[in-house]
Amino acid sequence: MLTDRMTRNVVFSLASLLLLGGSPWCRAAEAAPAGGRQTLSFDQGWRFHLGEVAAAEQPELADAEWRALDVPHDFSIEGPPGADPTTMDGPFDRKSPGGTGAGALNGGIGWYRKTFTLPAGSAGKRVGVCFDGVYMDSEVWLNGRSLGKQPYGYTSFQFDLTPHLKPGGNVLAVRVNVQQPCSRWYSGAGIYRHVWLTLTDPVHVAPWGTYVTTPEITDAAAQVGVRTQVRNDGAEAVTATLTTAILDAAGQQVAAQQTEQALAAGASHEFAHTLKVGKPRRWSPAEPYLYQVVSEVRVGERVVEGYRTPLGIRSIRFTADNGFLLNGKRVQLKGVCLHHDLGCLGAAVYRRGIERQLEILKAMGCNAIRTSHNPPTPELLDLCDRMGLLVMDEIFDEWIIPKSGMKFGYKRFFDEWSERDLVAMIRRDRNHPSIILWSIGNEIKEQAAPQGGAMAQRLADICHREDPTRMVTSGVNKMGQAITNGFTKALEVVGMNYFTDQYQAQKGQLLVAAETSSALSTRGEYGLELKPDGKVNMNMRPNNQCVSYDLDRPGWGCTAEESLLFIRNAPWVAGEFVWTGFDYLGEPTPYGWPSRSSYFGIIDLAGFPKDRYYLYQSQWSEQPVVHLLPHWNWAGFEGKEIPVWCFTNADSVELFLNGKSLGSQDFKDGKSLHLEWQVAYQPGTLKAVGRKGGQTIIEEVRTAGAPAKLVVRPDRNRLAADGADLSYVEVRIVDQDGNLCPNADNLIRFDLEGPGTIAGVDNGDPTSHEPFQATQHQAFHGLCLAVIKAGRTPGEIRLQASAQGLSSEAVAITTAGPPAAR
């Protein structure tokens, strides 16, 4: 029990630790108490060479001619320097060994080197390097000595540098080897996530050594368990004092506990603290309230360790008859699957790029993310905690039996590395309140193999050993075989991929629709053609595109509307994860070359919503929605019937063309989630008037004239001057009245002045072979995107967009020293 004086000291000391960032490993810290842990960004000042180099791990190697860059860095998205233009289009290679499944973007061998000296005050410290992720098959050397390897490109890992450091300069070298085919989607290549340098006292918390749980929660109080592994890597025995405190969102202490423990040299001890939070505020998507668990280790009066861990107080439970319960109340999982690339930025991690994706999804009504099909970057989980998104955290896409000809997939590493990789994911991620399920795999081939049940049970047991508070699932697409061989028996929650007929057949089990729909569409494509007989025909797949009406799907999938109806009629299923939230690089089903990115997304690769976005928004959100499709520029179709759809959550919608009513429709039959009219085309204004509970919602689509000017819209006008913050700048081609020109494909040129760079350009077209790292790009259906990255110097960035024959427009973006509000 703490005395009043001790409690005051805890408050004073631990409050200062709020300057520290994240967990006790691999997160940045702006300051640390004297003698405490320091976690410093190690992203700047690397040198890179694409291709093999003999003895590149040796410190004496001359690397002055290598390319200077900062990480995160994805060399695959750039394309090889000096590529043969007769065989390549932009960075895309039709002969790439990874094929279009990997985005027609090449892997290869890449070397990174960083020369560094230790910061002041590092004497007597343990020094480590932490990699959030390196893709893939990496090996790390310090001063010519191998520290070890990490084959799986999605696992965070660390090495102790202390034994091999030199008092002067040091050289850290990293080799990555991306042999293709290694992934069914675009993987990226290189040190594509952040790198951290850690300095700790010999007495310190072990990597991922804190585990926070909330075993009992009532309205009156929440019990919080905090287990902390403290190590003594020093040469002498010490007495360590661990103080654990819980602070509310305002920084006020609400609980604290302190314990002493003798630690022999080389020994470790797990402290177990149980704290009580009175009248807890519970974490939920509606109110993602976060406490902080603040930990401090002292030896005598000296602070040797300090950090904070986010705490979300919530309970989770899956039921066989009522789906998923959060804090005792049913919550429908309205989720999407996400691959890890950020479109034109490739696999390189940008916190703002991930945040933008999540913001767009939340505005649609999405409340859950499946990390398909690998451990995510830590930034995604941090953002999900803060923004209130539930997460299925997934580890593997492949065990031992390879998929789709993946010659260089995870099968090479499974036997030796699967437990290590799974343990690393769980220990890194288990304190995130957003995570509600561990997934041990996706459509694993062993579902249908005799050994599948035993293999699944082994991985599930590891999950339960490391974190007994969450259930285990896996995406199953061979239900009959998986039941027969015991695969599903290892899963507490059975994840069903497609096969909606199984929703009823498997009733009575804990179920989640782990992957649904796989609807296909391209933003702005409608496939309407005039046949020789004068009738309108819909070509479902025109010119390597897919129509934006919700009609197209692969053989295994269904349309978005069908999937939503299946889920609505099966309340015992916890909800769904739609394949996919965003288009992603690679896997351009139903096409091959020249397509190079997917058609599955609700949102295109550039982050522009497709028509399907508004169907989900009408069903998943409380926001009033009336959305019309298609556009209304159909010259040559005068008098011909155009199929007009409306996605809405209004009770009824009345459609008007040029002021004349075309009738009102509603959803009384309950069999459809969209309204439809056949409208004889006339240029002008198509208007939908939705009515719901006395409220009127109006949507208008106008026939646009000739392209006249550009409109430039940055999503943020103020950035942090940190070398990584982003502004996504949308460029719209409009007529003289400001109407979007839906067929415009003008070449947009970007000129930038000031402390920033153009990090990428895109337009959302899955068939475009223009490079992403450029200063120009064609528009696609009237839209184009430029991603602006702030430099490290405060100032003003001026971006001008221009196109031949159109009025140009410029925008100013300010970069400032303090981090931008997020």
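All values reported here derive from a predicted model rather than from experimental measurement.

Participant: What should I look at first to understand unusual backbone geometry in this one?
Facilitator: That bond from W593 to P594 is cis: its omega, 10°, falls within 30 degrees of zero. Of the consecutive residues L629 and P630, the connecting peptide bond is found in the cis state with omega at 5°. Along the polypeptide, P630 turns up in the loop between β33 (626-629) and β34 (641-648). Positive phi values are uncommon outside glycine, yet A55 reaches one of about 60°.

Participant: Where do I start with the layout of surface pockets in this structure?
Facilitator: Think of a ball as big as a water molecule: rolled over the atoms, this probe shows where empty space is left. Taken as a whole, the second largest pocket holds about 1100 Å³ of empty space. As for the second largest pocket, its lining consists of 45 residues, and the residues nearest its centre are P609, Y614, R732, L740 and L783. At five residues, the largest contribution of residues to the lining of the second largest pocket is made by strand β42 (residues 726-734). Class assignment of the residues belonging to the lining of the second largest pocket gives a composition of 21 nonpolar, 11 polar and 13 charged.

Participant: Help me understand the nonpolar core, please; the structure alone is not making it clear to me.
Facilitator: Across soluble globular proteins, nonpolar side chains show a tendency to be buried alongside one another. Of all hydrophobic cores here, the largest spans 177 residues; its most connected members are W46, F131 and L172. Counting 26 residues, the second-largest nonpolar core is a separate cluster that includes A704, I733, I758 and A801.

Participant: Help me understand the pairing of strand β43 (residues 747-753), please; the structure alone is not making it clear to me.
Facilitator: On a regular strand, each side chain points to the face opposite its neighbour's, so the side chains alternate between the two faces of the sheet. The sheet contact formed by β43 and strand β45 (residues 776-778) spans three bridges and is antiparallel. In the strand pairing of β45, I748 is matched with H777.

Participant: Help me out: how do you make sense of the packing of helix α4 (residues 414-429) against helix α5 (residues 452-466) in this one?
Facilitator: The relative placement of two packed helices comes down to the angle between their axes together with the axis-to-axis distance. Put simply, α4 and α5 touch, their axes get as near as 9 Å, and they point 30° apart. For the element pair α4 and α5, the recorded crossing hand is right-handed. In this structure, α4 contributes F414, S418, E419, L422, V423, I426 and R427 to the contact, and α5 contributes M455, R458, L459, I462, C463, R465 and E466.

Participant: Explain the side chain of S439 here, please?
Facilitator: By the secondary structure assignment, S439 is in strand β26 (residues 435-442). With a relative accessible area of 0%, S439 lands in the buried category. A polar contact of 3.2 Å, which involves the side chain of S439, links it to the backbone oxygen of G441.

Participant: What's the story with empty space enclosed by the protein in this structure? I'm lost.
Facilitator: Taken as a whole, this structure holds six cavities of 30 Å³ or more when the rule is applied. Here the residues of the lining of the largest cavity sort into 11 nonpolar, four polar and four charged. Considering only enclosed or pocket space, the second largest cavity measures out at about 190 Å³ in volume. Lining of the second largest cavity is provided by 20 residues; of these, H339, H340, P376, T377 and L380 occupy positions nearest its centre. Of the residues belonging to the lining of the second largest cavity, the class tally is 11 nonpolar, seven polar and two charged.

Thresholds applied
Residues numbered from 1 in each chain as written. Predicted model: local features only at pLDDT ≥ 70, side-chain atom pairs only at ≥ 80, totals over all residues. Heavy atoms only, no water. Helix = DSSP H or I, 4+ residues; strand = E, 2+ residues; numbered from the N terminus. 1 Å grid on protein atoms, 1.4 Å probe; cavity = no way out; pocket = protein on both sides within 12 Å on 5 of 7 lines; lining within 4 Å. Points joined across faces, edges and corners; volume = space filled by probe spheres on them. Nonpolar A, V, L, I, M, F, W, Y, C, P; charged D, E, K, R; others polar. Core = buried A, V, L, I, M, F, W, Y, C linked by side-chain atoms within 4.5 Å. Buried < 20%, exposed > 50% of the residue type's maximum accessible area, 1.4 Å probe, protein only. Pairing = 2+ DSSP bridges. Axes fitted to C-alpha atoms, helices over the stretch in contact; angles between N-to-C directions. Left-handed = near helix turned anticlockwise from the far one by under 90°. Contact = heavy atoms within 4.5 Å. Polar contact = N/O pair within 3.5 Å; in protein donor to acceptor, adjacent residues only side chain to side chain.

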